[in-house]
Each structure stands twice: as structure tokens, then as C-alpha cells.
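Fold and contact review
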Amino acid sequence: GTQTVTFPIGAADGASQNVTLDVLADTDVEGDETVNLALQNVSAAATIGAQNSHVATITDDDAASVAFAAATSATADESAAGHTISVVLTIAGGGSLSSAVTVDAVDAGGGSATSATDYTAFGTQTVTFPIGAADGASQNVTLAVLADTDVEGNETVNLQLQNVSAPATIGAQNTHVATITDDDATSVAFAAATSATADESAAGHNISVVLSIPG
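Attention here is on the structure that accompanies the text. Keep in mind the model is a prediction, meaning the values are calculated, not measured. (Residues numbered from 1 in each chain as written. Predicted model: local features only at pLDDT ≥ 70, side-chain atom pairs only at ≥ 80, totals over all residues. Heavy atoms only, no water.)

Once that is clear, we can look at the overall build of the protein. Across its full length, the protein holds zero helices and 15 strands. Expected size for 215 residues packed as a compact globule is a radius of gyration near 17 Å; at 34 Å, the protein overshoots this value by more than 25%. For the protein, the spread of C-alpha atoms along the three principal axes comes to 130 × 25 × 25 Å. For the protein, the proportion of contacts with a sequence separation of at least 24, taken over those separated by at least 6, is 68%. (Helix = DSSP H or I, 4+ residues; strand = E, 2+ residues; numbered from the N terminus. Rg over C-alpha atoms; globule rule 2.2 N^0.38 Å. Contact = heavy atoms within 4.5 Å.)

A contiguous nonpolar surface patch, about 330 Å² in accessible area, is contributed by Val5, Phe7, Val19 and Leu37. Tracing the backbone shows Phe7 in the segment before strand 1 (28-29). Here Phe7 falls in the partly exposed class, since its relative accessible area comes to 47%. (Patch = residues over 30% accessible without salt bridge, like charges linked within 9 Å, V, L, I, M, F, W, Y side chains within 5 Å. Areas by Shrake-Rupley, 256 points an atom, 1.4 Å probe, with all protein chains shown as cover. Salt bridge = Lys/Arg side-chain N within 4 Å of Asp/Glu carboxyl O. Buried < 20%, exposed > 50% of the residue type's maximum accessible area, 1.4 Å probe, protein only.)

As a further point, take unusual backbone geometry. A cis amide bond, omega 5 degrees, links Ala166 with the succeeding residue Pro167. Relative to the assigned elements, Pro167 resides in the loop between strand 11 (155-162) and strand 12 (169-170). The phi dihedral of Asn41 falls on the positive side, at around 60 degrees, and the residue is not glycine. For Asn41, the location among the structural elements is in the loop between strand 2 (33-38) and strand 3 (53-58).

Another point: the nonpolar core. A general tendency of soluble globular proteins is for nonpolar side chains to be buried together. Ranked by size, the top nonpolar core spans 27 residues in total, and within it Val87, Leu89, Leu97, Phe129 and Leu143 carry the most contacts. Of all elements in the fold, only strand 4 (64-68), strand 6 (82-91), strand 8 (101-107), strand 9 (124-129), strand 10 (138-144), strand 11 and strand 13 (175-180) reach the threshold of two or more residues within this core. For this core, the element with the highest residue contribution is strand 6, accounting for four residues. (Core = buried A, V, L, I, M, F, W, Y, C linked by side-chain atoms within 4.5 Å.)

Another point: the sheet that holds strand 6. Across the sheet, four strands lie side by side as 10-6-4-12; this open sheet has mixed pairing. A single partner strand is all that each edge strand has here, and the edge strands are strand 10 and strand 12. Pairing between strand 4 and strand 6: five bridges, direction antiparallel. If you follow Val66 over to strand 6, its bridge partner there is Leu89. (Pairing = 2+ DSSP bridges.)

As C-alpha cells, this is what we get:
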């Protein structure tokens, strides 16, 4: 609308009057927003000065962040081909997104598992929280595990979040360690419960111990 300000008779150099922008609070995460104001229709005897416009910024106080739901996770075994890891949206005080938010999950390296051998190359997986997503919403990234018959023990993959879009930020839990649980068990045992020498002259009697790897 239009707000009219009046400088009364006798107003001196430097006198001021105010106009008021009434801000409406909401719970939408929308980032800072602007309102453009302009002066016009000045009465006779005065002119409008050079600063005839004003940009008022409404500072958003509804903060959003995205983070891994947990610091660690583990597959049941190597046959769990599609291991999902959750990324969670947090909006302080509740509320929802007025614009979509994206964030990238990447393989940070340094894990004991080998890309393309123990798991399909993770690359960059982008998750999107759409307009209207609320506090606690979650999206998943997937670690594609490759089964093998190597007895190698459990191995890890280090994931990291980066490149979040405004107005969200990345939360404290920005890394995740996924453990690939080895399902190739090995054991050693005597080959037999009993044995006997041919006689007492068989000084070097060999007894077998056998390695067993299922599969």
C-alpha cells in the first residue's frame, strides 16, 4: 500500500519521520527476503532526493540443516547388496521448506574397503528434500556391496556430506562410516579325532590340521 509521511510547519533540517514495515512471522525455511520501497508524490516546495529507494531485508529465523542420521552403520553380510544410509533434515522449532534443498554424499576415501572391488563405486549421490519437507524428513543414499569369497574381515567405507544448497546448512554429523560385514568365515581344526603310529619306531608321527573356508 501507500504510507504518507508529513513534515509539519516548522520542521527543521535533519527532521525525520518513519514508515513501518509489518513483518509476519512464519515457520517456513525460505532464506532472507527483500521488500523494495520507493518515494513518490512529494508535495510542492520540496523535491525527492537522490536516495529515493530503500531495500528492507526480512531476516529468516527458521534454520534448516541436513546431516547423516547416524555416525555408523553395518551391513548384515556381503550379500546385503543395497545398503541404505539415511540423511535427515532438521528444522529448529519445526516448520517446512519453502524451496527444495539438495546435498551431495561422496566417498571420502580412507576406508579399508576397496571401491569397485568390495563395493560399486559410490561416486557422488545427490539427495533432494522437496518444497514442503518438514523437520525430521529423511532421504537415503545407497552403498552397493559386492560379495566375494575372500576371507578379509570387516571393511569400512567413509562417506561425507558436501555442497548443500541454500538456505540449509550441513549439520554436525557430516560423516558416516559404513561397515561391510565379511560373511566368509574361516576355521582351523584337526583333520581327525584320533590317529595312531605304526609302531614305536615311527618317531615323526604327523597329525594334520586343516584350514576350512566355506564357499
